[in-house]
Amino acid sequence: MADIRLEGVGHSYDGGRTWALKPMTWTWRDARAYALLGPSGCGKTTLLNIVSGLLSPTVGRIWFGDRDVTAVPTAGRNIAQVFQFPVLYEQMSVYDNLAFPLRNRGYPKAEVDRRVRTVSRLLGLDDHLQRRSRRLDPGRQQIVSLGRGLVRSEVAAVLLDEPLTVIDPALKWALRSKLKEIHRDTGHTLIYVTHDQTEALTFADEVVVLKDGAVVQSGTPAELFLSPAHEFVGHFIGSPGMNVLPAEVVDGTVRVGEAVIGRAVGELPPGPVRVGVRPEFVRISAAQETPGVPARVKGVDRMGAYHLVRAEVAGHDLVAKVDPGSPHAPGAVEFFHFAADGAFLFRDEVRCGSIAPLEGGKGA
Ligand SMILES: Nc1ncnc2c1ncn2[C@@H]1O[C@H](COP(=O)(O)OP(=O)(O)OP(=O)(O)O)[C@@H](O)[C@H]1O
């Protein structure tokens, strides 16, 4: 279809005193699968409702391709929406529910049948097509709602607001991959709202992370994991999230306490910074090596495939993800080394630089 572009779009529910969505300029690219990820109250639903036309933004304009739809109501935007809970005609059969959006728009009968059967097969609804929707359990009713959202081919976008909330966890995995399959088949632009990182990372081509009504970073799941641009992304994505330690830039080097852990990369004036490093990029040695941060081991969580070593540096927690079987005793002081390409510097929560190995020094 076309890109969906937000131009300076923002929304306030209280006459401009606070912004639920801060004015933003943003493009949803055609045929891409997006996850809109963020904690409760960060503005996900507000943003989705602005795209669908359920909400008129306080400021800004919305474009579908070169058509300005800012004043166009939902019905005129050609959007399919799937909500958290089933929205169905309960008296109708599953088949008729799936067919409804197509018949409503005058699709030929054979095309209606073909599309209904394709979606039904992909979502595992074939055995239920003739049943009345109200006779289905809520989880299956939601799958039918999902099918209704996905059955049309020529929509401007499919907007999904936490669509798998009522679905059994075991089924969620299967449905996510079905969604991907349907996306590949139809080439819809999908915007999938969730506060669940696993859901976002396994589903989307691109994850858009929202915090306090603003996008803090967007990128592929790998980009968000390997190269967080904001401390929040480091915390919110990853399990456990990124470690953050206070540090200091002194004469072009980065110091955590007394330990010099590398050279500061970036146009960085001296002064306080925070070092962010994911547990996956922390290595532990028992003996002093340079550069290494001495930390007291507090405990070891055995997670099966890996262990999490929890330690403390000057009152701050530091976690390393290590191979099972590595010996780390609570109470011992060990040396924690940060991989240069996995550690970043932050000021005011925003990434401001990275860390390079010291000349002649060992990497992590
Ligand atoms: N109709 C409304 N009137 C007043 N404030 C609202 C309204 N809807 C949302 N808000 C406020 O706007 C902010 C963003 O809410 P929104 O529902 O968009 O967030 P969300 O990220 O979708 O949250 P959740 O995951 O809990 O649904 C919140 O502070 C919320 O309390």
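Remember, it's a predicted structure, so these values are computed and weren't measured experimentally.

Definitions and cut-offs
- Residues numbered from 1 in each chain as written.
- Predicted model: local features only at pLDDT ≥ 70, side-chain atom pairs only at ≥ 80, totals over all residues.
- Heavy atoms only, no water.
- Near = heavy atom within 4 Å.
- Polar contact = N/O pair within 3.5 Å; in protein donor to acceptor, adjacent residues only side chain to side chain.
- Areas by Shrake-Rupley, 256 points an atom, 1.4 Å probe, with all protein chains shown as cover.
- Nonpolar A, V, L, I, M, F, W, Y, C, P; charged D, E, K, R; others polar.
- Pairing = 2+ DSSP bridges.
- Helix = DSSP H or I, 4+ residues; strand = E, 2+ residues; numbered from the N terminus.
- Axes fitted to C-alpha atoms, helices over the stretch in contact; angles between N-to-C directions.
- Phe/Tyr/Trp six-rings, centres within 6.5 Å; stacked < 30°, edge-to-face > 60°.
- Lys NZ or Arg CZ within 6 Å of the ring centre and 35° of its normal.
- 1 Å grid on protein atoms, 1.4 Å probe; cavity = no way out; pocket = protein on both sides within 12 Å on 5 of 7 lines; lining within 4 Å.
- Points joined across faces, edges and corners; volume = space filled by probe spheres on them.

With that out of the way, let us pick up the site of the ligand. Taken together, Tyr 13, Ala 20, Pro 39, Ser 40, Gly 41, Cys 42, Gly 43, Lys 44, Thr 45 and Thr 46 make up the full set of residues adjacent to the ligand. Within the side chain of Tyr 13, one N or O atom sits 3.5 Å away from a nitrogen atom of the ligand. One of the backbone N or O atoms of Gly 41 is found 2.7 Å from an oxygen atom in the ligand. Within the complex, 53% of the 630 Å² of free accessible area of the ligand lies under protein. For the shell around the ligand, the class distribution of residues is four nonpolar, five polar and one charged.

Sheet architecture is closed into a barrel: six strands sit in the order S11-S12-S13-S21-S20-S14, paired in antiparallel fashion. When strand polarity is set aside, the average angle formed by the axes of neighbouring strands in this sheet is 45°. With four bridges connecting them, strand S14 (residues 271-277) and strand S20 (residues 343-347) associate as antiparallel partners. Directly across from Val 277, in S20, lies its bridge partner Ala 343.

Let us now look at the sheet that holds strand S2 (residues 21-28). Here four strands make up an open sheet; going across it, the order is S2-S1-S4-S5 and the pairing antiparallel. Both outer strands of the open sheet, S2 and strand S5 (67-68), are each paired with one neighbouring strand and no more. In this structure, strand S1 (residues 4-11) lies alongside S2, joined through five bridges in antiparallel fashion. Within the sheet, the bridge partner assigned to His 11 lies in S2 and is Leu 21.

A few words now on the packing of aromatic side chains. With the rule as written, the count across this model stands at six aromatic pairs. Here the aromatic rings of Phe 225 and Phe 281 are separated by 6.4 Å at their centres, their planes lie at 55°, and the arrangement is tilted. With Phe 225 in helix H7 (residues 221-226) and Phe 281 in the loop between S14 and strand S15 (282-285), the pair connects residues that are 56 residues apart, well separated along the chain. An aromatic cluster is built from Trp 26, Trp 28 and Tyr 34, whose rings are joined through pairwise contacts. We note Arg 278 situated over the ring of Phe 225; from NZ or CZ to the ring centre the distance is 4.5 Å.

The subject of this paragraph is the layout of surface pockets. Empty space among the atoms becomes visible once a probe the size of a water molecule is rolled across them. Looking at the largest pocket, its volume works out to about 470 Å³. As for the largest pocket, its lining consists of 20 residues, of which Ile 79, Ala 80, Gln 81, Arg 148 and Arg 152 are closest to the centre. Elements supplying a minimum of two residues to the lining of the largest pocket: strand S6 (79-82), helix H2 (94-104) and helix H4 (138-150). Among the elements that line the lining of the largest pocket, the one with the most residues is S6, at four residues. Here the lining of the largest pocket is composed, by residue class, of eleven nonpolar, six polar and three charged.

By themselves these figures say nothing about function.
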